[in-house]
Structures are given as C-alpha cells and as structure tokens.
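Residues per chain are reported as follows:
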Amino acid sequence: MGLVVVLVLGLSCLLLLSLWKQSSGKGKLPPGPTPLPILGNILQLDIKDISKSLSNLSKVYGPVYTVYLGLKPAVVLHGYETMKEALIVGGEEFSGRGHFPMAERVNKGHGIIFSNGKIWKETRRFSLMTLRNLGMGKRSIEERVQEEAHCLVEELRRTNASPCDPSFLLSCALCNVICSIIFHNRFDYTDPNFLTLLEKFNENFRILNSPWIQACNNFPALIDYLPGSHNKVFKNFAYIKSYILEKVKEHQASLDVNDPRDFIDCFLIKMEQEKHNHQMAFTLENLIATAVDLFRAGIDTTSITLRYGLLLLLKHTDVTAKVQKEIDSVIERHRSPCMQDRIHMPYTDAVVHEIQRYIDLIPISLPHTVTRDIKFRNYFIPKGTTVLTSLTSLLHDVQEFPNPEVFDPGHFLDESGNFKKSDYFMPFSAGKRICVGEGLARMELFLFLTSILQKFTLEPVVDLKDIDTTPIPRGLSHVPPSYQLRFIPI
Ligand code: HEM
Ligand SMILES: *[C@@H]1O[C@H](CO)[C@@H](O)[C@H](O)[C@H]1NC(C)=O
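Residues numbered from 1 in each chain as written. Chains lettered and ligands numbered in written order. Predicted model: local features only at pLDDT ≥ 70, side-chain atom pairs only at ≥ 80, totals over all residues. Heavy atoms only, no water.

A.B. asks: Would you mind going over the site of ligand 1 in detail, with residue names and values included?
C.D. replies: Within the structure, ligand 1 sits among 27 residues, and Arg124, His368, Ser429, Arg433 and Cys435 are positioned closest to it. A distance of 2.9 Å is found between an oxygen atom of ligand 1 and a side-chain nitrogen or oxygen belonging to Trp120. Of all the secondary-structure elements, those providing two or more residues to the shell around ligand 1 are α5 (117–131), α13 (284–298), α14 (300–315) and α18 (438–455). A class-by-class count of the residues in the shell around ligand 1 yields 15 nonpolar, nine polar and three charged. (Near = heavy atom within 4 Å. Polar contact = N/O pair within 3.5 Å; in protein donor to acceptor, adjacent residues only side chain to side chain. Helix = DSSP H or I, 4+ residues; strand = E, 2+ residues; numbered from the N terminus. Nonpolar A, V, L, I, M, F, W, Y, C, P; charged D, E, K, R; others polar.)

A.B. asks: Kindly report on the sheet that holds strand β1 (residues 64–69), identifying the contributing residues and their values.
C.D. replies: Spatially, five strands are ordered β1-β2-β7-β4-β3 in an open sheet, and the strand pairing comes out mixed. With partners counted over all chains shown, the strands left at the sheet margins are β1 and β3 (96–97), one partner each. Here two bridges tie strand β4 (residues 368–369) to strand β7 (residues 386–389), and the two strands are oriented antiparallel to one another. Directly across from Thr369, in β7, lies its bridge partner Thr386. Against the sheet, helix α2 (residues 50–61) contacts β1, β2 (72–77) and β7, and its axis sits at roughly 130 degrees relative to β1. Packed onto the sheet, helix α3 (residues 80–90) meets β1, β2, β4 and β7 and runs at close to 115 degrees relative to β2. (Pairing = 2+ DSSP bridges. Contact = heavy atoms within 4.5 Å. Axes fitted to C-alpha atoms, helices over the stretch in contact; angles between N-to-C directions.)

A.B. asks: Could you give an account of a nonpolar patch on the surface, naming the residues involved and the relevant values?
C.D. replies: A contiguous nonpolar patch, built from Leu36, Leu39 and Leu43 and spanning about 270 Å² of accessible area, is present on the exposed surface. Leu43 sits in the exposed class, given a relative accessible area of 62%. (Patch = residues over 30% accessible without salt bridge, like charges linked within 9 Å, V, L, I, M, F, W, Y side chains within 5 Å. Areas by Shrake-Rupley, 256 points an atom, 1.4 Å probe, with all protein chains shown as cover. Salt bridge = Lys/Arg side-chain N within 4 Å of Asp/Glu carboxyl O. Buried < 20%, exposed > 50% of the residue type's maximum accessible area, 1.4 Å probe, protein only.)

A.B. asks: Which residues make up the environment of His251, and what are the values?
C.D. replies: If you trace the backbone, His251 turns up in helix α11 (residues 229–254). Here the alpha-carbon distance between His251 and Glu444, two residues 193 residues apart in the chain, equals 26 Å. Ignoring anything within four residues of it in the chain, the contact list for His251 reads Ile182, Phe183, His184, Arg261, Asp262, Ile264, Asp265 and Leu268. Looking at His251, its side chain comes within polar contact range of the main-chain oxygen of Lys247, at 2.8 Å.

See the structure below:
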C-alpha cells in the first residue's frame, strides 16, 4: 500500500517536473543523462564511488551538467573555470547548503554545516572570528595544538617501537584539540568520558558513511518509516548533546566575562550581548549544535589526513628524509615546532599540500544549493537546486598537476625548491562555504607531522613495494587502506 502511494506520487512529481521544464520560459537545466522514474540516474552511478562516476559523466556532458539523485536534479560543476565562476565569482548565490535529511533531523536548522540563511551567516562569522583567536583569552589556538602534539608524541613513545595502527591515537589527539578549544581542557587518552564521547563520534562517522545512509539521504521517507542503523546515529547525537549541555552549565556557573577561556565562554558572552536583539543565532540550542558541528567536522577530516600522510611518508622514504633534514636545520632536536617555522620549510610545506592534494579527502565536497533562481552559463537553475562541486577535478587536474595519481611534492615546488602556490589547491572548497576550520586544520597538519618526524623514524612492517596507497572511497570521504607501522625513537 505504502509503496503504491510512493510510486504514484513519485511518478506524478516526475510528470509535473518534466511538464514544468518544458513550459518554463526561464530556460533549462544543464543537459545530462536521461533519468528513470523515481530512481533518476542512480543506476548510472556507482554508489560506492560517486566522485569517479561524476568525473566519468563530465567527459560526456561537459563541465556543467545535471544528474537526478532519485527524484531531485543536481547540477554538477567540474573543473577550475566552472568552480571559480560559481563559488568565487557567484559566491552568495551558490552558498546554500544541500539537503541532508539525516542532519536536518539532528541539527534542526542550527549550527554551521547544515544551516542556511541568517543563522548560518551569524554562526559562521562568530565561529570564524573565535577560531582566529579573537577573544579566546590568554592561550592561543597554536599553543593548544602544540600541547596536544607533545602529548601525542609521548603516547607514540609508549608503543615501544612495536607495530601499531595509528588511527586510535590520532583521533584522540584531534578530538582533544577540539575539546581544548571548546571546553578549554584536554583529556587523558584513557579518560572514560573522553573515550565514550570519541566512540560516539567514531560510530556515527562509520554509520553516516555507509551506503544505507546514503540511500536514506536520497530517499528521506526511509528515515521515518524503517528501523535501521540511523536510529543509532540519533541516539549517539542525543548523548553527545547532553554531554555538551552539562559542560555548558559548568561554564555558566564559572563564567568570567573579562576572561573567556574557550569557545563556550565566548558564545555565552555573545549570547548575553545579543540578548535584546532577538537574534536567532545566539541561543543555547545553537551553541550546542555548533559545538557538535565543530567536533564532527574537526576530528575525522584531520585525523584521516594525518593517518594517510603517515602512510605516504612510510612509503616514500626519500620524501621523509628530506622533511627530516629540513626539521634538523630549521627546528633542530629539542624545540617544539611552531607555525613561524613553516615559512623556512618550503619542502615540508609542499609535502603537506601534496598529501592533501593526493588523498583528495572529500572529493565532491558537501552538497550546496542555489539560494535563488539563477542563470548560469545560459542555463536556468531554480532556487533550491542541489549543486555538487568536484574538488577532484581541481586537485587531480592533469595540466596543473602532471601525473596527478602520483604522490610528488614537486607539484608544489618551483625549479629552485621554493614553495609554489596553486589556485587549484581547494581541498577545503572555496567561496562563502569554504571550510571554517581551514586555518586550524593546516596548523594541525603542520605541527603534528613535524612533531612526529622530529622524534621518530617511521618503519614499515611489510615490504615497501607491498604498501598500497590508493584512496578508498567511503561515503563522502576517501580513506587510506588500513596499515601498521613502527615509531622508532630518534
Ligand atoms: C584536513 C582537514 C579538513 C578538510 C579537508 C576539510 C574540508 C572541508 C570541506 C570540503 C567542507 C565543505 C565546504 C563546502 O561546503 O563548500 C568543509 C566544511 C566545514 N568544515 Fe572543514 N575540513 C577540514 C577540517 C576541519 C576542522 C578541523 C574544522 C573545525 C574546527 C572544520 C570545520 C568545518 C565546518 C564548520 C564546515 C562547514 C562550513 C559551512 O557550511 O559554512 N573542518 N570542510
Ligand atoms: C569510469 O570510467 C572508467 C573508464 O571508462 C571505468 O573503467 C570506470 O569503471 C568508471 N568508473 C565509475 C565509477 O563509473
């Protein structure tokens, strides 16, 4: 019965849509493969490797085309010129966030990642400022990252050079940096509250990147009517939110408006200032949603990048040797690496860029929508249409980065070994929705990698030629093959 209703509704929607498309005087969506009723182009896409499928389609349909994910059309943008024209020149119009029915049920329009309109703008601006250290009190973000890098090195030392998979320790470290920013303190890696929090985030990451949830996002009816792992996701988020709420209450009790300790303090102060302005953005509910967003956006992204980076360094021993030489001459043995060092370390800077370019962490970024009816390259894109941006098409552009499938720091170096910038380097996306954590993430990557290589030699547990570094697509992300290594103290 339910299925019949869905079918009939679906078919009539499609009919209406095609009628509307023909009759609309405003113009047409970009061309694309012919969709099937209800399923759209799903069968023409490899659900396990959407970004590759979209790259393949762009070879047929060009840099701007339409695919149907289920009933809804999505416009795909491919290549530098198109991306620049939309995200940077177009800006505002392309700054809507695409639909994530799962997330909409958790965030309810709050936070940064999945919000839109005024709440998004206000929360985003506030978070960017706070993460840039404006008003974060005495301890800089850099100091917080350095402290954690130091603790991570001590934990790695405790592995006693025996084979280990670094995933767990890296996610502890990255989770702790966010804890330090939001709660002002880090935790011991054995603290039970900390481990529970981390486990909830990890479990949600696993579930949210499964094919089942991808299906839920394209066919939202599934979420409300069927049992499934997505219910676990909601439970985990409920736990995380109540944990953060508890922390917020502690902060309210000990708040000193003249001496904010962390993100929560800054937010509470802002709430007080905006109290008479009827600001929707500065509420307790939004504080919690925003904190959740910073955790979920800030842990896996950077910890996967670091885990992948260590794998690449393990394989490319010549590259690692050069980085260590640079560390020896610029930082030396005992001082903690700091961001000032980076300008004197062009090779290491190139290596960090090349890691991010090669692994192409979030190949089609997060979906956007257009915020009003627009004309783009003579096509008509109605308000609310999903827009998918291929970051792969820039990071693996053959002209800009010859042999894009090869890991080669030379992609970011000129003939005399100076660091060479590239406009195609957009692992954090671009424009109005560009990653809020870009500065923090780049700081973490540089400080963690140099701190590790300053103190350890990386040693493989298998033959170098057997180390595979090909990215594995997993949901919206690329992950490295799992591996082990030894950290040999220098
Ligand atoms: C290597 C690490 C990271 C990568 C590659 C990365 C990449 C991205 C990408 C591609 C987006 C989507 C942008 C778009 O919609 O166009 C994004 C959004 C976002 N990222 Fe990151 N990110 C990283 C680390 C972080 C960290 C450490 C934080 C937190 C402190 C963070 C916070 C956010 C937030 C809040 C958004 C949503 C922005 C918005 O919708 O306005 N990210 N990131
Ligand atoms: C993309 O195209 C290549 C070459 O035509 C093909 O081997 C590959 O399977 C396609 N990949 C996807 C995910 O569609």
